[in-house]
Amino acid sequence: MNRQYAVVLILLTLLCYEVRAIPLDSNLSASRPNIILVMTDDQGLGDFSFTGNKIVKTPNIDRFANNSVRFNDFQVSPTCAPTRAALMSGLPPFKVGVTHTILQRERMALDVFTLPQALQLAGYSTGLFGKWHLGDEVQYLPQSRGFDEVLMHGAGGIGQTNLGDFPPNKDNLYFDNVLLHNETIVQTKGFCTDVFFSAALAWIKKKHLAKQPYFAYVSLNAPHGPYIAPDSYKKRFLDVGYDQKTAGRYGMIENIDDNVGRLMSKLAAWNALDNTLIIFMTDNGMSMPPMVQNGKKIIPFNAGLKGRKNSAYQGGTKVPMYWQWKGVLNQNTDITALTAHLDLYPTLIELAGATLPKNMQQLDGRTLLPLLNSPNALWDDRKLFIHTGRWNAGEMDAAKYGKYAVRTQRWRFVNNKELYDITVDPGEKENLASKYPTVVNDLRNAYEKWWKETEPLMINEGLPRLNKADLPLIIRYKKQLKESGIPHWSPNEI
């Protein structure tokens, strides 16, 4: 399926469906800003100096956060592909078939009408730069699912060639990578995060000059392992005795910070900040091994949260979410309402003044515009359902009561037996399950109902694991290499 075919599918969708408008119930509705969403990979709430980390330095993201609306109880999924599925669909990932990051269970159901498709219908150009991780077969690729411009690696990470990334990346991790640019596999030059930001900026500049509204999804693979950064970013950590992994991971984070600074500087230079919404978030909790400095083991700073990536505790799912729009959104503002990745889809399409097909998926998220207009706006309590997934093939039923959580504004019910009052115990230290049995029963029953309605939608269960030779991007790479070769590519000057 090429890009032209994908456009035809969108047009056919419009002809077949009635459309319904998103209610325009706030003064931000249909304001049509350009939208830039920057999302990092496996970077936890404690991986910023803004949140209390004393080792890593993130001055640009700190400045961004200080000038932003901050959603301080923002929940995502515990791992990579599920969060991405929620962003693209407005639904919990299990409801669109995404229960893992591998084994074909990362593929987002093809009947999803995606966020970028909705924005295209509102007249936006759409671009993805970095990590997709929702399927590598042609029909699952971002080019087939609403993105006009794409620069991406395969599988869940650069170098994951056994899972489907391009073969040369195994031997050249994070530098000079082979990537997919639209319909062509290309050879790039430079450190991966720099390349993705440069490509995004070049595309943004083109859209800005053309006065074309755009959605730029800068979805980084960093600081996902393996922990590799340019030597200049590792040096200060190595000089004071930190191990290579710590130097690599924190070096990756400081490189991201410099690129966020570069993004904001370019937007300012182009006088593009007044009509551009910039969002910064991460995809799940921290993933980082114990640190070592001069032979001494150190537990990485995690902002007081329990659990990390692939955990049902707060440390697996509570992440930063900062929104900045110069002259429109308040600065240095905290929002304490319980919000989630599900909420971005309805929020962004309302901002864009989009219309949606009547018979598409029913969005589970809520628009955030009332909170953006007034941080203390009425916000009804809700139940968010979280499960780490990742069970072995054929073990779904056994995993039902494994690593899961139900969140409300006050409570977090974890692993079918633990209850925490998040409002007074954000670190989940005191299990109150025996003290509040009625709450436990209510949340457990709600989970049972949710699982029952969600289970039939887990459409990727039972699929076989593909052999390396059968992985779609590897087949595509070998075919192009034989027929036309792999051309060098670099973004336009910015």
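Residues numbered from 1 in each chain as written. Predicted model: local features only at pLDDT ≥ 70, side-chain atom pairs only at ≥ 80, totals over all residues. Heavy atoms only, no water.

Hey, could you run me through the overall build of the protein chain in this one?
For the protein chain, the helix and strand inventory stands at 13 helices and 20 strands. Here the protein chain has a C-alpha radius of gyration of 22 Å; the compact-globule value for 494 residues is 23 Å, and the two agree. If you line up the protein chain on its principal axes, its C-alpha atoms span 65 × 65 × 50 Å. Going through the 494 residues of the protein chain one by one, you find that 60% of them count as buried. A sequence separation of at least 24 residues applies to 71% of the contacts in the protein chain between residues at least 6 apart. Looking at charge distribution, the protein chain has the averaged site of its 55 positive side-chain charges lying 2 Å from that of its 47 negative ones. (Helix = DSSP H or I, 4+ residues; strand = E, 2+ residues; numbered from the N terminus. Rg over C-alpha atoms; globule rule 2.2 N^0.38 Å. Buried < 20%, exposed > 50% of the residue type's maximum accessible area, 1.4 Å probe, protein only. Contact = heavy atoms within 4.5 Å. Lys, Arg positive; Asp, Glu negative; His and termini not counted. Charge placed at Lys NZ, Arg CZ, Asp CG, Glu CD.)

Explain the pairing of strand β19 (residues 411-414) here, please?
Within a regular beta strand, the side chains point alternately toward one face of the sheet and then the other, so they alternate between its two faces. Burial along β19 is two-sided: the residues Trp411 and Phe413 and Arg412 and Val414 are all buried. Bridge count between strand β18 (residues 404-407) and β19: 3 bridges; the pairing is antiparallel. Bridged to Val406 within β19 is Phe413. Linking two consecutive strands that pair antiparallel, namely β18 and β19, is a turn of 3 residues. Pairing of β19 with strand β20 (residues 418-421), which is carried by 4 bridges, proceeds in the antiparallel orientation. For Arg412, the partnering residue across the bridge sits in β20 and is Tyr420. (Pairing = 2+ DSSP bridges.)

Could you clarify how one ought to interpret the side chain of Asn182 in this entry?
Looking at where Asn182 falls in the secondary structure, it is placed in the loop between β7 (178-181) and β8 (184-187). On the accessibility criterion, Asn182 (9% relative accessible area) is buried. A polar contact is formed between the side chain of Asn182 and the backbone nitrogen of Val150, at a distance of 2.8 Å. Of note is the side chain of Asn182, whose polar atom sits 3.4 Å from the side chain of His181. (Polar contact = N/O pair within 3.5 Å; in protein donor to acceptor, adjacent residues only side chain to side chain.)

Can you help me understand the sheet that holds strand β14 (residues 333-335) in this one?
If you trace the 10 strands from one edge of the open sheet to the other, you get β8-β7-β6-β5-β9-β2-β10-β13-β3-β14, paired in mixed fashion. Either end of the sheet is taken by a strand with one partner, and the two such strands are β8 and β14. Direction aside, the axes of adjacent strands within the sheet are offset by 15 degrees on average. Inspection of the sheet shows strand β2 (residues 34-40) paired to strand β9 (residues 214-219) by 5 bridges, in the parallel sense. If you follow Val38 over to β9, its bridge partner there is Val218. Along the sheet, helix α5 (residues 192-209) contacts β2, β5 (125-130), β6 (149-152), β7 and β9; its crossing angle with β5, the most-contacted strand, is approximately 165 degrees. (Axes fitted to C-alpha atoms, helices over the stretch in contact; angles between N-to-C directions.)

What is the right way to read the sheet that holds strand β17 (residues 384-387) from this model?
Picture the strands of a sheet paired through backbone hydrogen bonds; they go either parallel or antiparallel. Strand order in this open sheet of 4 strands is β17-β18-β19-β20, and the pairing throughout is antiparallel. Each end of this open sheet is capped by a strand with a single partner; those strands are β17 and β20. The average undirected angle you get between the axes of adjacent strands in this sheet is 15 degrees.

Honestly, the packing of helix α6 (residues 231-239) against helix α7 (residues 244-269) in this entry has me stumped. Any pointers?
It is the contact of α6 with α7, at a shortest axis distance of 8 Å, that shows an interaxial angle of 135 degrees. Between α6 and α7, the angle is such that the two are oblique. The element α6 and its partner α7 pack so that their crossing is right-handed. Residues Tyr233, Lys234, Arg236, Phe237 and Leu238 of α6 lie in contact with α7, whose contacting residues are Gln244, Ala247, Gly248, Tyr250, Gly251, Glu254, Asn255 and Asp258. Here the residues of the contact of α6 with α7 are counted per class, giving 5 nonpolar, 4 polar and 4 charged. (Parallel < 35°, antiparallel > 145°, perpendicular 65-115°, else oblique. Left-handed = near helix turned anticlockwise from the far one by under 90°. Nonpolar A, V, L, I, M, F, W, Y, C, P; charged D, E, K, R; others polar.)

Mind showing me how you'd approach the nonpolar core here?
Side chains that are nonpolar tend, in soluble globular proteins, to be buried together. Residues Phe71 and Trp323 are the most contacted members of the largest nonpolar core, which totals 65 residues. Sorting elements by how many residues they give to this core places helix α9 (residues 344-352) first, with 6 residues. If we ignore the near neighbours within four places in the chain, the residues touching Phe71 are Val319, Met321, Trp323, Ile335, Thr339, Leu368, Leu371 and Leu372. One finds Ala216, Ala222, Tyr227 and Val260 within the second-largest nonpolar core, a separate group that totals 43 residues. (Core = buried A, V, L, I, M, F, W, Y, C linked by side-chain atoms within 4.5 Å.)

How should I be thinking about the packing of aromatic side chains in this particular structure?
The geometry of an aromatic ring pair comes down to the distance between the two centres and the angle between the two planes. Tallying each qualifying case throughout the model produces 22 aromatic pairs. For the pair Phe48 and Phe280, a centre-to-centre distance of 5.8 Å together with 85 degrees between the ring planes defines the contact as edge-to-face. Here Phe48, found in the loop between β2 and α2 (59-66), pairs with Phe280, found in strand β10 (residues 276-282); they are 232 residues apart in sequence, far enough to count as distant. Neither Phe48 nor Phe280 differs from the other in exposure class; each is buried. The ring of Trp379 is capped by Arg366, whose NZ or CZ atom sits 4.9 Å from the centre of that ring. Across from the ring centre of Tyr436, 5.7 Å away, lies the NZ or CZ of Arg410, which sits over that ring. (Phe/Tyr/Trp six-rings, centres within 6.5 Å; stacked < 30°, edge-to-face > 60°. Lys NZ or Arg CZ within 6 Å of the ring centre and 35° of its normal.)

When you look at the packing of α5 against α7 in this model, what are you seeing that I'm missing?
Direction vectors running N to C along α5 and α7 enclose 15 degrees, while the axes themselves pass 10 Å from each other. Considering the angle they form, α5 stands roughly parallel to α7. The two elements α5 and α7 cross, and the hand of that crossing is right-handed. On α7, the residues touching Thr193, Asp194, Phe197, Ser198, Leu201 and Ile204 of α5 are Asn255, Ile256, Asn259, Val260, Arg262, Leu263, Lys266 and Leu267. When the residues that make up the contact of α5 with α7 are grouped by side-chain class, the tally is 7 nonpolar, 4 polar and 3 charged.

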